[in-house]
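# Structural overview for review
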Amino acid sequence: MKSPLLSLPGAVPAEGADEGVAAHYGDLFREQRELAAGRAFTDLSHRGVITVTGPDRLAWLHLLLTQHVSELPPQQATEALVLSPHGHVEHALYLVDDGTTTWAHVEPGTQAELLAYLERMKFMYRVEVADATAEFAVVHLGQGHPAAASGAAAVRELPYGRDLFLPRAELEAQVREFGSPAGSWAYEALRIEAHRPRLGFETDHRTIPHEVDWLRTAVHLNKGCYRGQETVARVHNLGKPPRRLVFLHLDGTEEVLPGHGTEVRLATDPEGRALGFVTSAARHHELGPIALALVKRNVPVDAELRAGAVPAAQEVVVAP
């Protein structure tokens with residue numbers, strides 16, 4: 001879905017998963033600084049929006065999701081996953097309930113598959129599920145942004161900012177009060193800095209939540225059954241995940257960032273066996289080139305690595 005905000009001055013369209021919004025507006029590092037300082041917004045209107053209504057909505061979602069949401073207070077933001085029967089991550093939902101409706105935004109293009117799954121699981125519960133992407137758009141405000149955002153249908157208050165669900169027809173008018181825009185590259189750089197995983201970037205078809213630090217934010221370990229829960233409990237209580245997320249400081253002398261899927265090897269054995277792969281990379285306004293990567297659990301935490309041809313120093317995100 002192409003955003004009307006691509007008409008803003010300097011907008012350069014993003015490609016790949018973020019196609020439809022601006023990658024940047026001509027000054028990447030300034031945009032990052034403004035977003036981090038709470039003086040800018042990021043257009044996330046390409047993301048899918050799902051709504052759930054009905055008196056049973058929270059109790060019903062509690063049975064399907066990895067998060068404890070049966071008693072979710074109004075206006076409290078949370079994250080949750082949908083897992084496969086074997087515990088692999090299939091969907092990531094960013095939720096808030098306003099007292100009558102549960103709102104969720106999801107990765108671009110995943111809402112139809114998620115909606116189909118939710119429809120199959122309704123049974124006798126008093127719930128209605130809808131794809132609201134055509135009617136509502138997500139905009140992110142940086143932490144501390146002073147905008148009142150009174151036109152939002154729902155707001156997710158977060159430690160790093162606010163996600164607003166805005167009427168799509170009013171998107172251009174609403175953002176006029178939000179100051180300068182920051183593109184998806186700026187938002188991604190701050191996400192990578194904060195080690196926040198993203199579905200389809202830090203995940204593949206065999207990812208389990210333990211590998212990417214989603215146990216901390218999107219999984220409740222003391223709730224009842226949900227699909228994939230046996231794997232979550234078994235790995236948490238009896239074992240270790242086969243891979244772990246790491247944060248990489250990349251050599252700043254390289255002109256090209258390693259792309260998603262770039263193989264990671266030991267710096268001392270650059271022709272040796274691949275130990276993992278880069279999941280996301282960005283240029284940060286303070287840290288320089290940075291990345292996230294999934295590596296095998298037994299990779300030493302002090303090992304110097306190479307992401308393709310780029311030397312990389314690792315920081316632990318998920319402990320081995």
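Here, every reference points to the structure presented above.
Summary of the structure given here. (Residues numbered from 1 in each chain as written. Predicted model: local features only at pLDDT ≥ 70, side-chain atom pairs only at ≥ 80, totals over all residues. Heavy atoms only, no water.)

A word on the sheet that holds strand β15 (residues 276-284). Strand order in this closed barrel of six strands is β13-β16-β15-β14-β17-β18, and the pairing throughout is antiparallel. With direction set aside, neighbouring strand axes in the sheet form an average angle of 45 degrees. Taken together, the two bridges between strand β14 (residues 263-266) and β15 define a ladder with antiparallel strand orientation. By the bridge assignment, Val264 is partnered in β15 with Gly276. (Pairing = 2+ DSSP bridges. Helix = DSSP H or I, 4+ residues; strand = E, 2+ residues; numbered from the N terminus. Axes fitted to C-alpha atoms, helices over the stretch in contact; angles between N-to-C directions.)

This part covers empty space enclosed by the protein. On inspection of all chains with the given rule, the structure shows one cavity of 30 Å³ or more. Quantified by volume, the largest cavity comes out at close to 50 Å³. Here the residues of the lining of the largest cavity sort into eight nonpolar, two polar and no charged. (1 Å grid on protein atoms, 1.4 Å probe; cavity = no way out; pocket = protein on both sides within 12 Å on 5 of 7 lines; lining within 4 Å. Points joined across faces, edges and corners; volume = space filled by probe spheres on them. Nonpolar A, V, L, I, M, F, W, Y, C, P; charged D, E, K, R; others polar.)

Strand order in the open sheet formed by five strands is β5-β6-β7-β4-β8, and the pairing between neighbours is antiparallel. A strand with exactly one partner marks an edge of an open sheet, and here the two such strands are β5 (78-83) and β8 (128-131). The mean inter-strand angle of the sheet, taken between neighbouring strand axes irrespective of direction, is 30 degrees. Alignment of strand β6 (residues 89-97) against strand β7 (residues 101-106), held across four bridges, turns out to be antiparallel. Opposite Val96, over in β7, you have Trp103 as the bridge partner.

With that out of the way, let us pick up helix α2 (residues 57-64). Taken across its eight residues, α2 has six buried, putting it largely inside the fold. Residues Arg57, Leu58, Trp60, Leu61, His62 and Leu64 constitute the buried set of α2. (Buried < 20%, exposed > 50% of the residue type's maximum accessible area, 1.4 Å probe, protein only.)

Okay, the layout of surface pockets next. The volume enclosed by the largest pocket comes to roughly 550 Å³. For the lining of the largest pocket, the secondary structure elements donating two or more residues are β1 (12-13), β2 (22-24), α1 (28-36), α5 (184-193) and β15. Across the lining of the largest pocket, the residue classes break down as 15 nonpolar, seven polar and five charged. Along its surface, the second largest pocket is lined by 28 residues, and Glu79, Tyr94, Tyr160, Arg196 and Pro197 are the ones closest to its centre.

Before going further, it helps to spend a moment on the pairing of strand β18 (residues 310-316). With five bridges connecting them, strand β13 (residues 243-250) and β18 associate as antiparallel partners. The partner of Leu248 across the bridge, within β18, is Gln314. As paired elements, strand β17 (residues 304-307) and β18 share four bridges and run antiparallel to each other. Residue Glu304 lies in a different strand from β18, and its bridge partner there is Ala313. What sits between β17 and β18 in their antiparallel hairpin is a turn of two residues, with Gly308 showing a positive phi close to 65 degrees.

As a further point, take α5. Extensive coverage of α5 is indicated by the burial of eight of its ten residues. Considered for burial, the residues of α5 that qualify are Ser184, Ala186, Tyr187, Glu188, Ala189, Leu190, Arg191 and Ile192. Looking at the residues trailing α5, positive phi occurs at His195, about 65 degrees.

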